[in-house]
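# Topology and contacts: notes
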Amino acid sequence: MTILIIEDDKQLSDILKKALKSERYSVDTAFDGEIGYEKALTGKYSLIILDIMLPKRDGMEICYELRANLVHTPIIMLTARSMVEDRVAGLDLGADDYLVKPFGMSELIARIGALLRRKEKVDVTILKVADITFDNQKHEVKRAGKLTPLTLKEYRLLFILLSHKGEVLTRRQLLDEAWGPEFEEKNNELNVHMKYLRNKVDSNRKIPLIRTIRGVGFSLKE
């Protein structure tokens, strides 16, 4: 497994590279946003460690452009910013996790492991429930054969629900999987995204697939 580090602080980049190699990961590096983006765009990496404050192209822009180009490599964002708004912005753009500098190397290694394990589940190519077909390889969702465009967050939430078909998932479980364990919900983000997802997936359906379990969370059932 090869990890790409996009970090302009060469000293920190070297420390990260040494630590990851000790965990038997292969490592590639980039010291500005433009080169980092071009490398990440190849999609050949197992995971990307992405600093926000970068020369030539910042991490937020890189994350947005990668997701827009259907590069779904897991991304951990690194930044000196500690404001909740910055963390939310990064996660909403498609980042999978977020660490504020300074951070413990053991915590970073643990989060990398968790994301890579999650990616193994995501690599399942096709999931089907009722008349919904979820093709993770093509990044397409169809209902009754008709393409249903989803945002990145809606796509992620639907995948989680489909992967746990018939199970009741708590709000915290969904937030952890879709936004990351550090995410602190402030503006009812989960309900907002679930509303949009339901409008697309369950429109004109007499019996909805996505159901609210009062006081607990959500479930997807045929």
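Located above this text is the structure these notes cover.
The notes below deal with the structure included here. Everything numeric in this text was worked out from a predicted model, so none of it was measured.

What counts, and where the lines are drawn
Residues numbered from 1 in each chain as written. Predicted model: local features only at pLDDT ≥ 70, side-chain atom pairs only at ≥ 80, totals over all residues. Heavy atoms only, no water. Pairing = 2+ DSSP bridges. Helix = DSSP H or I, 4+ residues; strand = E, 2+ residues; numbered from the N terminus. Axes fitted to C-alpha atoms, helices over the stretch in contact; angles between N-to-C directions. Buried < 20%, exposed > 50% of the residue type's maximum accessible area, 1.4 Å probe, protein only. Polar contact = N/O pair within 3.5 Å; in protein donor to acceptor, adjacent residues only side chain to side chain. Contact = heavy atoms within 4.5 Å.

Bringing the sheet that holds strand β10 (residues 168-170) into the picture now. An order of β10-β12-β11 is seen for the three strands of this open sheet, with the pairing classed as antiparallel. Either end of the sheet is taken by a strand with one partner, and the two such strands are β10 and β11 (210-213). The average angle at which neighbouring strand axes cross in this sheet is 30°, direction not considered. Relative to strand β12 (residues 217-220), β11 runs antiparallel, the two being bridged by four bridges. Within β12, the position partnered with Ile210 by the bridge is Leu220.

Turning our eyes to something else, we now look at the side chain of Arg143. The residue Arg143 is located in strand β8 (residues 140-143) in this model. Classification of Arg143 by relative accessible area gives buried; the value is 19%. Here the side chain of Arg143 touches Ser203 through a polar contact of 2.4 Å, landing on its backbone oxygen. The contact partners of Arg143, leaving out residues within four places of it in the chain, are Asp131, Ile132, Thr148, Val201, Asp202, Ser203, Asn204 and Arg205.

What is shown is where atoms sit, not what they do.
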